[in-house]
Amino acid sequence: MTHATIVIGGGLVGMAVANGLADAGHEVVVLDEGDDAFRASIGNAGLAWVQGKGRGAPAYAAWTRLSADLWPEFAESLRAETGIDIEFSKPGGFDLCIGDADAEIRSRKVEALQRQPGGGNGVVMVDRNFVKERVPDIGERVVAASWCPEDGYLNPLLLLRALHRRAADRGVSYRPGVRAERIAPAGGGIRVDARDGTTFVGAAIVIAAGLGNAELCRQVGLNVPVRPVRGQIVVTARQPIFLRHPTSTIRQTAVGSVMFGNSEEEAGFEPVTTGGILARHAERALLEFPRLADAAVVRAWAALRIMTPDGRPVYDRSPTLPNVFVATCHSGVTLAAVHARVLGPALGRGEIPPQCAAFASARFDVPAALGT
Ligand SMILES: Cc1cc2nc3c(=O)[nH]c(=O)nc-3n(C[C@H](O)[C@H](O)[C@H](O)COP(=O)(O)OP(=O)(O)OC[C@H]3O[C@@H](n4cnc5c(N)ncnc54)[C@H](O)[C@@H]3O)c2cc1C
């Protein structure tokens, strides 16, 4: 029997966890279905976003904040160890309010966040002048914003590459093109059968397979009903740098291109762009920054978020195979630092981190239990 920990999934969650496991001295094998799979990690907006996370869920707000606190050091260590600069920046971000009604609704949400145990992670409402001083090009209809100094962004493709390179440097064995289909006990270990007929045996398994989690978790007694929620993103040609603080819907990359759009669509397993949503994205972008009216659009894409019923992460242990764990979330960029630095090493010790007790999957069983 091998003593390795097998991580199923080579996206941002799986690779962050694999790095953390390797840092803690574990032998790690990553099985990754690869290019045929849905992969949110190569289709996201790259925000390391704190505001808006954890309203009504203090544990999620605290976990997100911990990741934000870890990010500067983690990004720097990725650069130093892999030579890959992931373009991380934490300048603080805005969620812009278009009109007074929007500002009123946002104020109430921010107050609720500030009042909850642990507070609001520094999120405050600010007026138009505050925004305009930092982002002079805002549109006339921007009346206010919520502002969080902890918000940041990075290049998610470079992050994924850096996580892979760092893992390889630490001896993690990455097995692309391997689709895990069955997890079962095998002697003193756990066996993973792949679609291509290969079999892997490990001492522990971490299921981090994105939208593949629901089915794999079912096999080990875990109810993790993740579903796809589509998002579409538009990218412009390079612009002179005008946006040093990301908004919740727009950011400018290090080379000047502008990314916008943050739709959340219940569209099943259909990662396609649609004219109606792209038009709405453009309309909103022009309200925030009218100067984009002349920007050339160079591409647009759609990708599928991995969404739990309450939008919060799941970190849990199988009730039937105690060395099998699951890790999933819908903000795998934001949480990559805490996944690598805290979650991975904890799973290596056979533990769910204590601050993650609220993220057990049993919370999804409650409605079913009430109905019986
Ligand atoms: C449009 C959009 C915008 C987003 N913007 C942001 C953002 O700004 N900030 C943020 O924090 N998050 C954002 N996200 C979310 C973020 O991209 C995801 O949370 C993150 O990528 C999830 O990573 P993952 O590893 O769980 O899943 P994935 O990236 O989907 O990776 C899952 C991996 O598992 C593999 N796999 C699946 N099934 C199997 C199997 N049976 N066997 C072996 N391998 C398997 C796949 O090959 C894949 O590589 C966004 C998502 C979308 C769609």
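The structure presented is a predicted model; accordingly, all values stated were derived computationally and were not measured. (Residues numbered from 1 in each chain as written. Predicted model: local features only at pLDDT ≥ 70, side-chain atom pairs only at ≥ 80, totals over all residues. Heavy atoms only, no water.)

## Observations regarding helix H2 (residues 58-82)
With 25 residues, H2 extends 34 Å from end C-alpha to end C-alpha; this agrees with the ideal 36 Å at 1.5 Å per step. If you look at H2, its biggest bend is around 45 degrees, right at Trp-71, and the proline Pro-72 turns up within four residues after that. Within the sequence span of H2, burial applies to Tyr-60, Ala-61, Trp-63, Thr-64, Ser-67, Ala-68, Trp-71, Phe-74, Ala-75, Ser-77, Leu-78 and Thr-82. Buried positions along H2 lie against strand S3 (47-48), helix H5 (156-169), strand S17 (314-317) and helix H8 (336-348). (Helix = DSSP H or I, 4+ residues; strand = E, 2+ residues; numbered from the N terminus. Expected span 1.5 Å × (residues − 1). Bend = angle between axes of the 7 residues up to and from the residue. Buried < 20%, exposed > 50% of the residue type's maximum accessible area, 1.4 Å probe, protein only. Contact = heavy atoms within 4.5 Å.)

## A look at the site of the ligand
Neighbouring the ligand are 39 residues, the closest being Asp-32, Ser-41, Leu-47, Ala-180 and Gly-332. Between the ligand and Ser-41 there is a distance of 2.5 Å, counted from an oxygen atom to a side-chain nitrogen or oxygen. For the ligand, a nitrogen atom lies 3.1 Å from a polar atom in the backbone of Ala-45. With the chains in place, 96% of the 1,000 Å² that the ligand exposes on its own is no longer accessible. Looking at the shell around the ligand, the elements that each hand over two or more residues are helix H1 (12-23), strand S2 (28-32), strand S13 (227-236) and strand S16 (297-307). The dominant element in the shell around the ligand, judged by the number of residues it contributes, is S16, at 4 residues. (Near = heavy atom within 4 Å. Polar contact = N/O pair within 3.5 Å; in protein donor to acceptor, adjacent residues only side chain to side chain. Areas by Shrake-Rupley, 256 points an atom, 1.4 Å probe, with all protein chains shown as cover.)

## Here's the deal with the UniProt feature "domain: FAD dependent oxidoreductase" (unreviewed entry) in the chain
With numbering aligned to this structure, UniProt lists the feature "domain: FAD dependent oxidoreductase" (unreviewed entry) at residues 6-343. As annotated, residues 6-343 comprises 30% helix and 27% strand, and the C-alpha atoms at either end are separated by 15 Å. (UniProt positions renumbered as here; feature names shortened; annotations may be inferred.)

## Details of the packing of aromatic side chains
Applying the stated criterion across every chain, the model contains 10 aromatic pairs. With a centroid separation of 5.6 Å and 65 degrees between ring planes, the pair formed by Trp-63 and Tyr-315 is classed as edge-to-face. Remark: Tyr-315 occurs in strand S17 and Trp-63 occurs in helix H2; sequence separation between them is 252 residues. For the residue pair Trp-63 and Tyr-315, the accessibility class agrees, reading buried in each case. In this structure an aromatic cluster arises from ring pairing among Tyr-60, Trp-63, Tyr-315 and Phe-359. Across from the ring centre of Phe-130, 3.6 Å away, lies the NZ or CZ of Arg-134, which sits over that ring. (Phe/Tyr/Trp six-rings, centres within 6.5 Å; stacked < 30°, edge-to-face > 60°. Lys NZ or Arg CZ within 6 Å of the ring centre and 35° of its normal.)

## Digging into the domain arrangement of the chain
Domain boundaries in the chain define domain 1 (5-46 + 157-226 + 310-371) and domain 2 (228-307). Distance between the C-alpha centres of domain 1 and domain 2: 29 Å. Facing the 14 residues of domain 1 at the interface are 12 residues of domain 2. Interface of domain 1 and domain 2: buried area, both sides summed, is about 1,100 Å²; carbon and sulfur atoms make up 72% of it. When residues of domain 1 are sorted by the area they lose upon contact with domain 2, Phe-38, Leu-211 and His-330 head the list and together hold 41% of the total. Viewed at the interface, domain 2 and domain 1 are joined by 0 salt bridges. Where domain 1 meets domain 2, there are 2 residue pairs in polar contact (both at pLDDT 80 or more). Considered class by class, the residues forming the side of domain 1 that touches domain 2 number 7 nonpolar, 7 polar and no charged. (Domains from an automatic or database assignment. Buried area = accessible area lost by both parts, 1.4 Å probe. Salt bridge = Lys/Arg side-chain N within 4 Å of Asp/Glu carboxyl O. Nonpolar A, V, L, I, M, F, W, Y, C, P; charged D, E, K, R; others polar.)

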